[in-house]
Amino acid sequence: MSTKHSKAASAFLSNKSRAQFLNQSIWYVREKRDNVAMQLVEWEELRELSSSIKRHTVTHLDTYLEQFASRAEANGVVVHWAKDANEHNKIVYDILQQHGAKKLVKSKSMLTEECHLNNYLINKGIDVVETDLGERILQLMQVAPSHIVMPAIHLKRQQVGKLFEDKLGSESGNSDPTYLTRVARLHLRNEFMTADAGLTGANFGVAATGDVVVCTNEGNADMSTSLPPLHIVSMGIEKVIPDYRSLAVFTRLLARSATGQPSTTYTSHFRKARSGCEMHIVLVDNGRSDILGNPQHWETLKCLRCGACMNTCPVYRRSGGYSYTYFIPGPIGINLGMLRSPRVYSDNVSACSLCCSCDNVCPAKINLSEQIYFWRQGLDAIHRADPMKKIISSGLKYLYGHPALYYMGLRYAPLINRLPRNILYNRLNAWGKGRELPTFARKSFSEMWKKGIVR
Amino acid sequence: MQIGLFVPCYVDAVFPEVGVATYKLLKYLGVNVDYPMQQTCCGQPMANAGFEQKAVPLAAHFEDIFQGYDYVVAPSASCAAFVKLNYPRLLEGKHICQTSDKMMDVCEFLHDVLKVEKLPGVFPHKVSIHNSCHGVRELHLSSPSELNIPRFSKIRDLLSLVEGVSVVEPERVDECCGFGGMFSIEESEVSVQMGTEKLDSHIATGAEYITGPDSSCLMHLQGIARRQNKPIKFIHVVQILAAGL
């Protein structure tokens, strides 16, 4: 009985110190989140408001998107509509080509990860440079993010030191964080200055004004947009919100939930292109309309991509982002992967003990754990249910459906206690790999009751 | 007031003393308790594993047995939560569903319905509370650590009525122990890792016992403690509350 996730998790856990490091680092972020959340008396009210605003917006998406697009166009921004990842990538490439752009600097965008934009552009000869420090580290390593907000959280500074030594020519053996940050800054500064275009994601699109709001801690979105003459925004259609009043709710929640900061260092509002420059917004569906029509799972569209559900998830913290087969890990990733393709991403559905902690940290109050429970119910129909779990469940149904058989089972169960260890703790006994089996009572409660012992 | 006592399958088979303590305590408190025969399992194991349809006949059977009582009380937070939260959906259009509203974990029942203020027992030991996920986040036996709401713990309130008991809680006060039904065997390495850390955090409090409202979590932690030869004892909350009866 296993899934790709459980196997990868097992491999991850075999390195105890690395596993402990990740768990501690991420739990620390959960604690920081708790600290700032507890400082706001209105915290739970904010979460409720956020949930309501998102529910309202995604259920009136047509209206708000049209408003957003027309305001943006009135600001001189060129708005594009992409029905899927392919169209999005093509649109971005076409814009770059029209401007003869060779080098693109990017701030962090999960949507472009979703669309596999980087590879698409690189294959067409564009020099794509990630400018979020974590993303840049991973790009130099040629690996994917392991977390949506702290993409390189699984790495230690010594690994970064070694990487910079190899790729950026930093001092050998120097992994001092300040030094490495300076090396990165110098390296990226040059990339910003020589870029032909900048691409950002969008944390929010404000319908009332046409603004795109991008939250970063490094100011790299501002650098990516202030130097090159062309700014492209990749924005999922669910990122639109009504107005500035609603934005105020989300900006109070986002950084607190994500990293435990009162706000991100930079909350940048982009309304129009700089003089003589161009700004384009690509609005991407890529399955979102289908999610909207899914009665059990539409709430995933409320997601702010803060990553709080990952930080609190006891399974994520013990298995790491790479144990999941979808590019977004953790509770929200399990759900988004299943929405992308249940057959392809069903291996992540096992990665949940149904502890429900994610539901409580989510700043948009998405019912994450309940949705995972629902996905499990559908696995059998698509032939992705674990056969052993199915046999056990059928066996239990039969046993518990026949009380006489159940009582007989209870009477003989204590015999199991006396079986030899090598029979009990066989290869199929997954429980026994790390645990002793429970001891069956000589007399069950029901038997004692029948005999009048319980009185 | 007539109470139907539900002793979940694994409590029946592995921890009958928890059922006994529940019965004795309720009797002592003057409650009219009945234990209807033919009860087996609420259906949660298969439902959490992804086969909730296999739980439907069990839910219907549960209804038939328990719907006549004023309250259904069980010494197992997770089972109580399953009946309360999932039965209405499972039985919709198939069977009348009354037990969802009547179902209570025994701690919840003692605290909220009976509003117990005095208990006769003495338990001169240091115990560490294991805040089970479904007890905390579904039944609200204590305030979940994630939420900014006034802090409370019905378990602690109840334990404080027992003379001599000293109550502590581990760090990461309500982080999951990793049991999770069939999660424990499908993701066994993660499950055991979560359980080991939980166990160690309980042991670090210096407590003699780990106590909680859910024997399933305790069963998992106990299995790890026995495998790793870690010297800490396990006891259901209700056994402490019934001390001396």
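All values reported here derive from a predicted model rather than from experimental measurement.

1. Examining the overall build of chain B
Helix and strand counts for chain B stand at 13 helices and 8 strands. Radius of gyration (C-alpha) of chain B: 17 Å, near the 18 Å computed for a compact globule of 245 residues. Along the three orthogonal principal directions, the C-alpha set of chain B runs to about 50 × 45 × 40 Å. Relative to its 245 residues, chain B shows a buried fraction of 63%. Counted over contacts in chain B with a minimum sequence separation of 6, partners at least 24 positions apart contribute 77%.

2. Looking at helix H2 (residues 16–28) of chain B
All names here are of chain B. Counted at 1.5 Å a residue, the expected span for H2 with its 13 residues is 18 Å, and the 18 Å between its end C-alpha atoms agrees. All of the buried residues along H2 are Pro-16, Val-18, Gly-19, Val-20, Ala-21, Thr-22, Tyr-23, Leu-25 and Leu-26. Where H2 terminates, the next one or two residues include Gly-30, which has phi positive at roughly 85 degrees.

3. Details of the pairing of strand S4 (residues 197–200) of chain A
Residue and element names in this part refer to chain A. Residues Ala-197 and Leu-199 of S4 are buried on one face, and the alternating residues Gly-198 and Thr-200, pointing to the opposite face, are buried as well. Bridge analysis of strand S2 (residues 103–106) against S4 gives 3 bridges, and the strand direction is parallel. For Leu-104, the partnering residue across the bridge sits in S4 and is Ala-197. As defined by bridge partners, S4 adjoins strand S7 (residues 230–236) across 3 bridges and the pair is classed as parallel. Counted as the bridge partner of Leu-199 is Ile-232 from S7.

4. Quick word on the sheet that holds strand S8 (residues 240–241) of chain A
Residue and element names in this part refer to chain A. Here we have 4 strands laid out as an open sheet, ordered S8-S5-S6-S9, and mixed in their pairing. Of all strands in the sheet, those with a lone pairing partner are S8 and strand S9 (266–270), marking the two edges. Along the sheet, helix H12 (residues 244–259) makes contact with strand S5 (204–206), strand S6 (211–216), S8 and S9, crossing S5 at roughly 165 degrees.

5. Some remarks on the domain arrangement of chain B
All names here are of chain B. Each assigned domain of chain B is listed with its residue range as follows: domain 1 (2–113) and domain 2 (126–241). Each partner contributes residues to the interface: domain 1 has 26 residues there, and domain 2 has 22 residues. Of all elements in the fold, only helix H1 (9–14), H2, helix H3 (44–49), helix H5 (77–91) and helix H7 (106–113) reach the threshold of two or more residues within the side of domain 1 that touches domain 2. A class-by-class count of the residues in the side of domain 1 that touches domain 2 yields 17 nonpolar, 6 polar and 3 charged.

6. Description of the interface of chain A and chain B
Every contact between the two is made by 65 residues of chain A and, on the other side, 55 residues of chain B. Broken down by element, the side of chain A that touches chain B gets its largest block of residues, 9 residues, from helix H20 (residues 387–401) of chain A. Classifying every residue of the side of chain A that touches chain B by side-chain character gives 34 nonpolar, 18 polar and 13 charged.

7. Here we look at the sheet that holds strand S1 (residues 78–82) of chain A
Residue and element names in this part refer to chain A. The strand order S1-S10-S7-S4-S2-S3 describes an open sheet built from 6 strands, whose pairing is parallel. Either end of the sheet is taken by a strand with one partner, and the two such strands are S1 and strand S3 (127–130). Each neighbouring strand pair of the sheet contributes to a mean axis angle of 20 degrees, computed without reference to strand direction. Inspection of the sheet shows S2 paired to S3 by 4 bridges, in the parallel sense. Within S3, the position partnered with Lys-103 by the bridge is Asp-127.

8. Observations concerning the confidence of the model for chain B
Overall, the predicted model of chain B reaches an average pLDDT of 97, with 100% of residues at or above 70. With pTM at 0.96, the complex prediction returns an ipTM value of 0.97.

9. Points about helix H5 (residues 85–98) of chain A
Residues and elements named next belong to chain A. A rise of 1.5 Å per residue sets the reference length of H5, with its 14 residues, at 20 Å; its end C-alpha atoms lie 20 Å apart and thus fit the reference within 8%. The complete set of buried residues in H5 reads His-88, Asn-89, Val-92 and Leu-96. Projection of H5 onto a plane perpendicular to its axis shows the buried side chains occupying an angular sector of 95 degrees, all on one side. In this structure, H5 carries Asp-94, Gln-97 and Gln-98 as exposed residues pointing more than 90 degrees from its buried face. Where H5 is buried, its residues contact S1, S2, helix H7 (117–123), S4, S7 and strand S10 (278–284). Two residues or fewer after H5 comes Gly-100, characterised by a positive phi angle close to 60 degrees.

10. Overview of unusual backbone geometry
Residues and elements named next belong to chain A. Even without a glycine there, the phi angle at Gln-142 is positive, about 60 degrees. With respect to the element layout, Gln-142 can be found in the loop between helix H8 (133–141) and helix H9 (157–168). Its 6 C-beta neighbours within 10 Å are what place Gln-142 among the exposed residues. Located in the positive-phi region is Lys-365, a residue other than glycine, with phi close to 50 degrees. For Lys-365, the position within the fold is in the loop between helix H18 (357–361) and helix H19 (368–378). Judged by local crowding, Lys-365 falls into the buried class, with 20 C-beta atoms found within 10 Å.

11. A look at the packing of H8 of chain A against H9 of chain A
Residues and elements named next belong to chain A. H9 packs onto H8 with a crossing angle of 60 degrees between their chain directions and a minimal axis gap of 11 Å. The orientation of H8 relative to H9 falls into the category oblique. In terms of crossing hand, the pair formed by H8 and H9 is left-handed. Touching Ile-137, Leu-140 and Met-141 of H8 are Val-160, Leu-163 and Lys-167, all from H9. In terms of residue class, the contact of H8 with H9 is made up of 5 nonpolar, no polar and 1 charged.

12. Let's talk about the domain arrangement of chain A
The extent of an interface is frequently quoted as the accessible surface area lost upon association of the parts. According to the domain assignment, chain A consists of domain 1 (4–12 + 307–382), domain 2 (40–155 + 196–289) and domain 3 (402–450). If you average the C-alpha positions of domain 2 of chain A and of domain 3 of chain A, the two centres end up 56 Å apart.

13. Examining the environment of Lys-108 of chain A
Residues and elements named next belong to chain A. One can find Lys-108 in the loop between S2 and helix H6 (110–114). A tally of 27 C-beta atoms within 10 Å means that Lys-108 is categorised as buried. The spatial distance from the C-alpha of Lys-108 to the C-alpha of Gly-201 is 6.6 Å, given a sequence separation of 93 residues.

14. Digging into the nonpolar core
Nonpolar side chains tend toward joint burial in soluble globular proteins. Counting residues in each nonpolar core, the largest one holds 210 residues, and the members touching the most others are Leu-104 of chain A together with Val-73 and Ile-240 of chain B. It is H5 of chain B that contributes the most residues to this core, 8 residues altogether. Sequence-distant contacts of Ile-240 of chain B, that is, excluding residues within four places in its chain, are made with Phe-123, Val-127, Leu-159, Val-162, Val-165, Thr-211 and Ile-235 of chain B.

15. Structural notes on the environment of Leu-139 of chain B
Residues and elements named next belong to chain B. The topology assignment puts Leu-139 in the loop between helix H8 (133–138) and helix H9 (154–159). With 55 residues separating them along the chain, Leu-139 and Lys-84 place their C-alpha atoms 8.9 Å apart. In this structure, Leu-139 is in contact with Ala-77, Ala-80, Ala-81, Asp-105, Glu-108 and His-134, ignoring residues within four places of it in sequence.

16. So, the packing of helix H2 (residues 16–39) of chain A against H12 of chain A
For the pair H2 of chain A and H12 of chain A, interaxial distance at closest approach is 6 Å and the crossing angle is 145 degrees. Every residue of H12 of chain A that contacts H2 of chain A at Val-29, Lys-32, Arg-33, Val-36 and Ala-37 of chain A is listed here: Arg-256, Ser-257 and Thr-259 of chain A.

Quick notes on the rules
- Residues numbered from 1 in each chain as written.
- Chains lettered and ligands numbered in written order.
- Predicted model: local features only at pLDDT ≥ 70, side-chain atom pairs only at ≥ 80, totals over all residues.
- Helix = DSSP H or I, 4+ residues; strand = E, 2+ residues; numbered from the N terminus.
- Rg over C-alpha atoms; globule rule 2.2 N^0.38 Å.
- Buried ≥ 20, exposed ≤ 12 C-beta atoms within 10 Å, placed from the backbone.
- Contact = placed C-beta atoms within 7 Å.
- Expected span 1.5 Å × (residues − 1).
- Pairing = 2+ DSSP bridges.
- Axes fitted to C-alpha atoms, helices over the stretch in contact; angles between N-to-C directions.
- Domains from an automatic or database assignment.
- Nonpolar A, V, L, I, M, F, W, Y, C, P; charged D, E, K, R; others polar.
- pLDDT = per-residue confidence, 0-100.
- Arc of directions from axis to C-beta.
- Parallel < 35°, antiparallel > 145°, perpendicular 65-115°, else oblique.
- Left-handed = near helix turned anticlockwise from the far one by under 90°.
- Core = buried A, V, L, I, M, F, W, Y, C linked by C-beta atoms within 7 Å.

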